[in-house]
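# Fold and contact review
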Amino acid sequence: MNWYLVIDVMPRLLSGALLTLLLAALSVLAGLLIALPLSLLRSSSSGMLSRPVLAYTFVFRGTPLLVQLFLIYYGAGQIEWIRTTPAWTILKEPYWCALIAFSLNNAAYTTEILRGGIRAVPAGEVEAAKALGMSYSLRTRRIVLPIAFRLALPAYANEVVLMLKASSLASTITIMELTGTARKIVAQTFSPYEVFISAALIYLAITFVVVRAFARLERRLAHHLERTEKNNGKDPVHNDPTQELDSDPVLRQEAR
Amino acid sequence: MTLLQGFGDQIVAGAITTLQVALTSLVLGIAVGLGGALAKVSGIGALRWLADSYTTIVRGIPELLIILILYFGGTVALTALLGRYVEVDAFAAGVFALTIVFGAYATEVFRAAFLAVPRSQIEAAHALALSKALTFRLVILPQMWRYALPGLGNLWLTLLKDTALISVVGLEDLMRKASVAAGATHDPLTFYLTAAALYLTFTSVSLAGLALLEQRAGRGVRISE
């Protein structure tokens, strides 16, 4: 190991890492925005609504991201009429192509993850919301999505880490993110160990931070559950001990 | 064969290579995963630490970077070792890289499956005076299989798609053949769509196969509800 080389190339790798972070963050954000409505459609009991979404997630989850990336980057330019539209100014930029491919791919996985969360929302919660006269949009916003998101969070955290790693594919269409920068430096110096392992360590550090952040978020969102878990085996979601004391006259007296 | 502007044969050959890489990595990766899982549940501190480091490091690094490290790193190592320029075979480097990746994730799947086998089963095996090796082979492994199958199925689908990454270091797989044909004919749309359709076929067939396997693995289980 040539440590001078490692120190020498570190600034360039770190600036590449910044682009990796930006690409991954924007793709995850766009993916989530696309996945939110799609996951609701996908959970719909109407086949008219859920089937097109299923087709979308099936195709994007069933083919390699690299193929999707190349289709958008190389394939889009081949269609004559696209070249004449303003969309071409976007589609000829590798950066935008990567962002589009990553977002669509990420959205497909996120849709299925969120759907899993939505399906796991206890039916009683939804019934209670209906009994209170909540409209579909209100109970989706206040009841279904918050619970679904909490339940889906561990799987979603995995997906974010996968997206972070998948952003390395951008290097195949000339984007100089972390992997792209590393490949360029290796081509110049032919010291694959020093450079690639340095890049790997940067990826490891980023994943570590992301995993920790999600673990914290998970704990925060489950905060209201921890307190009641001691109430042996009763449904933790519905069981807030203070509420029970207030509503049950006998218990309330004993508490005083 | 004039199918696909004369590139039909090439695409088929690439698809076969893709399947070969995936299946070889699957078999080797399952072996690595079983070994890793045993190390994690072994109770031997050093082994557990080793397995923990392995899974943490590999799962935190992009697959593409692992392939690049093994391919270019392997070339440098072999060249230094043999004193002349040697290029690593892309197939070997690719299988090695994918085995390492699959093995890391499979370790976690097998570990979870191992822990899901009821303790009483192992105690019963002890009561029957089965040796440790026999207990593992006859009692634990068949039951682990059922718990591990859904997780392994997902990993297989990921593996199948990850083979496309090896095209970056020049393996003549489906993806690479599609790229070459796209470059030669200036018709990327046709060839990448063909590749996508073939990958989709592989994953669809896999999904159907996995459903059958899961049904078979669960045949001895009473269904409650």
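Residues numbered from 1 in each chain as written. Chains lettered and ligands numbered in written order. Predicted model: local features only at pLDDT ≥ 70, side-chain atom pairs only at ≥ 80, totals over all residues.

Per an unreviewed UniProt entry, chain B is named ABC transporter permease subunit, and its organism is Hoeflea alexandrii. According to its UniProt record, chain B has this under Sequence similarities (unreviewed entry): "Belongs to the binding-protein-dependent transport system permease family. HisMQ subfamily." (UniProt positions renumbered as here; feature names shortened; annotations may be inferred.)

For chain A, the name recorded in an unreviewed UniProt entry is ABC transporter permease subunit, with Hoeflea alexandrii as its organism. The UniProt entry for chain A carries the following comment under Sequence similarities (unreviewed entry): "Belongs to the binding-protein-dependent transport system permease family. HisMQ subfamily."

### Notes on the overall build of chain A
The helix and strand inventory of chain A stands at 13 helices and zero strands. Counting only residues that meet the buried cut, chain A has 35% of its 256 residues in that class. In chain A, the proportion of contacts linking residues at least 24 apart, taken out of those at least 6 apart, comes to 72%. (Helix = DSSP H or I, 4+ residues; strand = E, 2+ residues; numbered from the N terminus. Buried ≥ 20, exposed ≤ 12 C-beta atoms within 10 Å, placed from the backbone. Contact = placed C-beta atoms within 7 Å.)

### Some remarks on the UniProt feature "transmembrane region" (unreviewed entry) in chain B
Within this structure's numbering, the places UniProt gives as "transmembrane region" (unreviewed entry) are residues 12-39, 60-85, 91-110 and 191-213 of chain B. Strand forms 0% of residues 12-39 of chain B and helix 100%; the C-alpha atoms that close the span are 40 Å apart.

### Points about the interface of chain B and chain A
Opposite the 29 residues of chain B that make contact, chain A presents 28 residues. Listing elements by their share of the side of chain B that touches chain A, those giving two or more residues are α3 (63-82), α7 (174-185) and α8 (188-217) of chain B. Considering each element in turn, the side of chain B that touches chain A owes the most residues, ten residues, to α8 of chain B. The residue inventory of the side of chain B that touches chain A, partitioned by class, reads 22 nonpolar, four polar and three charged. (Nonpolar A, V, L, I, M, F, W, Y, C, P; charged D, E, K, R; others polar.)

### Some thoughts on the nonpolar core
Ranked by size, the top nonpolar core spans 113 residues in total, and within it V67 and L69 of chain A together with L65, I67, Y192 and A195 of chain B carry the most contacts. Excluding residues that lie within four positions of it along the chain, Y192 of chain B makes contacts with V67, F70, L71, Y74 and G75 of chain A together with A178 and A182 of chain B. (Core = buried A, V, L, I, M, F, W, Y, C linked by C-beta atoms within 7 Å.)

### Quick look at unusual backbone geometry
The phi angle of most residues is negative, glycine excepted, and most peptide bonds adopt the trans form. For T174 of chain A, which is not glycine, the phi torsion reads 70° and is therefore positive. Here T174 of chain A lies in the loop between α8 (136-166) and α9 (178-189). The backbone of H186 of chain B shows a phi angle near 55°, a positive value even though the residue is not glycine. Relative to the helices and strands, H186 of chain B resides in the loop between α7 and α8.

### Section: the UniProt feature "transmembrane region" (unreviewed entry) in chain A
Residues and elements named next belong to chain A. The positions that UniProt labels "transmembrane region" (unreviewed entry) are, in the present scheme, residues 54-74 and 195-215. Between the C-alpha atoms that bound residues 54-74 the distance is 26 Å, and the span itself is 90% helix and 0% strand. Helix makes up 100% of residues 195-215 and strand 0%, with an end-to-end C-alpha separation of 30 Å.

### Remarks on the packing of α7 of chain B against α8 of chain B
Residues and elements named next belong to chain B. For the pair α7 and α8, interaxial distance at closest approach is 8 Å and the crossing angle is 165°. Viewed along their axes, α7 and α8 adopt a mutual orientation that is roughly antiparallel. Both α7 and α8 take part in a crossing whose hand is right-handed. Counting all contacts with α7, which are made through L174, M175, A178, A181 and A182, the residues of α8 involved are P188, F191, Y192, T194, A195 and L198. For the contact of α7 with α8, the class distribution of residues is ten nonpolar, one polar and no charged. (Axes fitted to C-alpha atoms, helices over the stretch in contact; angles between N-to-C directions. Parallel < 35°, antiparallel > 145°, perpendicular 65-115°, else oblique. Left-handed = near helix turned anticlockwise from the far one by under 90°.)

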